Amino acid sequence: MPRTPCAQIFKKNILAKHPIILGLFSGAGGRFILYRPGMAPIVYQLLKSVGHSTMALAEVVVPYLNSPKDTTWRGALAAYRSRMQSALDTLDASGMQKDWRTNNRSILRNNIAFMDECLKNNAISAEGLQKFAKTQSPLLKKNIAWAAQTQVAHWMDVIGGWKETFGADWDKTYAASNTIYVARQNNVLFSVLAQFFGPEAINDRLMLIETISFTTTPDDMLDSLTRIIADRSVGAAFFGNYHLMDFELIGGDARQAIIEEDAKRKMNVVLPPQAPFGSRQWPTLITPGPGAKSLSDLP
């Protein structure tokens, strides 16, 4: 639905009758907007920043593993080392609890030691990078777990407080969270919202909206949510099904056409099971199977 006068009127009407929560990803642990922005605790941001500093370091050096004579990386690495040292020097002033600071200090020191080795040898070796990654892995896992605990505890308090404040109006509240492909599975903000909205609200009043970037503007999110709700009225009016327009309108016919074309070509059909319009299924991968499902499953 484009930003036409009609769309703006529909948006105004929704906002007049329904509280709306937008859950938007950000580098600061996300923000939920009940038309008042929020920020996750600074400790989350620090934990995530230190963890990402190691991953970013790998991104800097990997392109040069196969180009041993190319030393154009030295300037960028030396500058990054300076920033890493500043982070290490100010870590104790962060307010982070002691055992978490100890883990982060080790990560930063290991980062600096690896960079010093590369600069000293004037070379980046695959063996050195593998050794560095093996050393950092268990430390990074701790940071990731602590960051998750901090983020979830904060937003559970926020959303829980809003639900209590809304009272009976919670049952007519809409919420949406944005996601890019890599964050779709186990999406933190959507999962937190689901605890308070319950399974019956999923894909009805609680929606996961996929985007092509990590961050999405509140206006774009609100436009998407408005379009979804407005289209439902159209589906109900023309076809007698309120949730029909949540799905690709020609998807069912196209599915049958694919099956028929496969038969003509003697091909196996590769399609998922059909789900009914208005399905409350969790909007990410839910089929169980073998293999690691979280960092704790990995050695």
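Residues numbered from 1 in each chain as written. Predicted model: local features only at pLDDT ≥ 70, side-chain atom pairs only at ≥ 80, totals over all residues. Heavy atoms only, no water.

Turning to the sheet that holds strand β4 (residues 206-210), a few remarks are in order. With respect to topology, four strands assemble into an open sheet ordered β2-β1-β3-β4, the strand pairing being mixed. Every interior strand has two partners, whereas the edge strands, β2 (31-33) and β4, have only one. The sheet shows a mean angle of 20 degrees between the axes of neighbouring strands, direction not considered. Bridge analysis of strand β1 (residues 20-24) against strand β3 (residues 174-179) gives four bridges, and the strand direction is parallel. Paired with Ile21 across the bridge in β3 is Ala175. Taken strand by strand, helix α5 (residues 126-166) contacts β1 and β2, and its axis lies near 10 degrees from that of β2. Each of β1, β2, β3 and β4 is contacted by helix α8 (residues 218-239), which is oriented at about 130 degrees to β1, the strand it contacts most. (Pairing = 2+ DSSP bridges. Helix = DSSP H or I, 4+ residues; strand = E, 2+ residues; numbered from the N terminus. Axes fitted to C-alpha atoms, helices over the stretch in contact; angles between N-to-C directions. Contact = heavy atoms within 4.5 Å.)

Another aspect to go through is helix α4 (residues 98-121). Its 24 residues place the ends of α4 34 Å apart at the C-alpha level, agreeing with the 34 Å of an ideal helix rising 1.5 Å per residue. Just downstream of α4, Asn122 is the residue with a positive phi angle, here 55 degrees. (Expected span 1.5 Å × (residues − 1).)

Counted according to the given criterion, the structure contains 11 salt bridges. In this structure, Arg184 and Glu210 form a salt bridge, with 3.2 Å as the shortest nitrogen-oxygen distance. Taken together, the residues span a long stretch of sequence, with Arg184 in helix α6 (residues 181-184) and Glu210 in strand β4 at a distance of 26 residues. You can call Glu210 partly exposed: its relative accessible area is 46%. (Salt bridge = Lys/Arg side-chain N within 4 Å of Asp/Glu carboxyl O. Buried < 20%, exposed > 50% of the residue type's maximum accessible area, 1.4 Å probe, protein only.)

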